[in-house]
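Chain by chain, the residues run as shown.
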Amino acid sequence: EAGVVQSPRYKIIEKKQPVAFWCNPISGHNTLYWYLQNLGQGPELLIRYENEEAVDDSQLPKDRFSAERLKGVDSTLKIQPAELGDSAVYLCASSPGSGSTDTQYFGPGTRLTVL
Amino acid sequence: GDSVTQMEGPVTLSEEAFLTINCTYTATGYPSLFWYVQYPGEGLQLLLKATKADDKGSNKGFEATYRKETTSFHLEKGSVQVSDSAVYFCALKTSGTYKYIFGTGTRLKVLA
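Note that the structure is predicted; figures quoted are calculated from it, not measured. (Residues numbered from 1 in each chain as written. Chains lettered and ligands numbered in written order. Predicted model: local features only at pLDDT ≥ 70, side-chain atom pairs only at ≥ 80, totals over all residues. Heavy atoms only, no water.)

Undergrad: How would you summarise the pairing of strand β12 (residues 106-111) of chain B if you had to cite specific residues and measurements?
TA: All names here are of chain B. The alternating pattern of β12 places T106, L108 and V110 on a buried face, while none of R107, K109 and L111, on the opposite face, is buried. When strand β2 (residues 11-14) meets β12, the two strands line up parallel, connected through 4 bridges. The partner of L13 across the bridge, within β12, is V110. Inspection of the sheet shows strand β10 (residues 86-93) paired to β12 by 3 bridges, in the antiparallel sense. Bridging across to β12, V87 finds its partner in R107. (Buried < 20%, exposed > 50% of the residue type's maximum accessible area, 1.4 Å probe, protein only. Helix = DSSP H or I, 4+ residues; strand = E, 2+ residues; numbered from the N terminus. Pairing = 2+ DSSP bridges.)

Undergrad: Before we move on, can you summarise the sheet that holds strand β3 (residues 19-21) of chain B with the specific residues and values?
TA: All names here are of chain B. Taken in spatial order, the 4 strands of this open sheet run β3-β9-β8-β7, and their pairing is antiparallel. Whereas interior strands pair on both sides, the edge strands pair on one side only; in this sheet they are β3 and β7 (56-59). Geometrically, the sheet is characterised by an average inter-axis angle of 15° between neighbouring strands, direction not taken into account. (Axes fitted to C-alpha atoms, helices over the stretch in contact; angles between N-to-C directions.)

Undergrad: Residue-level account of the side chain of T94 of chain B, with values.
TA: Turning to its location among the elements, T94 of chain B is positioned in the loop between β10 and β11 (100-102). Setting aside anything within four residues of it in sequence, one finds T94 of chain B in contact with D2, P31, K99 and I101 of chain B. (Contact = heavy atoms within 4.5 Å.)

Undergrad: How would you sum up the interface of chain B and chain A? Please name residues and give values.
TA: Counting residues at the interface gives 20 residues for chain B and 24 residues for chain A. Carbon and sulfur atoms make up 49% of the surface buried where chain B meets chain A, a total of about 1600 Å² over both sides. Taken together, the connections running from chain B to chain A amount to 0 salt bridges. At the junction of chain B and chain A, the tally comes to 7 residue pairs in polar contact (both at pLDDT 80 or more). Among the secondary structure elements, those contributing two or more residues to the side of chain B that touches chain A are β5 (32-38), β6 (44-50), β10 and β11 of chain B. Considering only residue class, the side of chain B that touches chain A consists of 8 nonpolar, 8 polar and 4 charged. (Buried area = accessible area lost by both parts, 1.4 Å probe. Salt bridge = Lys/Arg side-chain N within 4 Å of Asp/Glu carboxyl O. Polar contact = N/O pair within 3.5 Å; in protein donor to acceptor, adjacent residues only side chain to side chain. Nonpolar A, V, L, I, M, F, W, Y, C, P; charged D, E, K, R; others polar.)

Undergrad: Give me the layout of surface pockets: which residues, what numbers.
TA: Of the pockets and cavities examined, the largest pocket occupies roughly 680 Å³. In terms of lining residues, the largest pocket is bounded by 30 residues, among which L39, G40 and R111 of chain A together with Q38 and R107 of chain B are the most central. Contributing elements (two or more residues each) for the lining of the largest pocket: β9 (88-95) and β11 (110-114) of chain A together with β10 of chain B. Among the residues making up the lining of the largest pocket, the classes are represented as 13 nonpolar, 12 polar and 5 charged. (1 Å grid on protein atoms, 1.4 Å probe; cavity = no way out; pocket = protein on both sides within 12 Å on 5 of 7 lines; lining within 4 Å. Points joined across faces, edges and corners; volume = space filled by probe spheres on them.)

Undergrad: Provide a residue-level description of the sheet that holds strand β7 (residues 65-68) of chain A, including the pertinent values.
TA: Residues and elements named next belong to chain A. Pairing within the open sheet is antiparallel, and its 4 strands lie in the order β1-β3-β8-β7. Either end of the sheet is taken by a strand with one partner, and the two such strands are β1 (5-7) and β7. Pairwise comparison of adjacent strand axes, ignoring direction, gives a mean angle of 15° for this sheet. Relative to strand β8 (residues 75-79), β7 is paired through 4 bridges, and the arrangement is antiparallel. Bridge pairing links F65 to I79 in β8.

Here it is in structure tokens:
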């Protein structure tokens, strides 16, 4: 069974440029998460989807970050414009649901460097 | 609010040594508890989990017991290998909102 797929794996951009990350969750997983992981830190939730609905986006900086999950499968996270402080690893994860026994599985992440 | 606290690393051990990585948590209700491992250049992988008090999660020789009385979920392994070198993250999943909260991670280095 294929795991969570993310692309690109690495991205280098100049500040003020836009950037987008793509995630394909495990087949059949209804819940999708985007996390931000700074160097030496644990992942921090940006947004959680149940199917195509964003049910928790309280930590998403909405002035520059946006996300979508059309048709409740793939998802895209966008930053526009990027700032130096956005340099980090962006992780996508999915789980069958969001109940107490559901476990999330992570993709390899996209490492963003903003120059 | 809910939080997870892990011992700071790096933890450096010789091969076959005993490993303990401490993790304590603060949460309302009855969270589920997890240990994830992250190898260099890879995403997080679930190592083990426990969903209620006194449960013991185990996998690949690693164990952790959900201790509600001490709000702890310490990770242990009896004999580490060089291949265990990685960053280990303790996490909880809140009851009700089912939100994941991660600790800052503990880097383990195992020397041959």
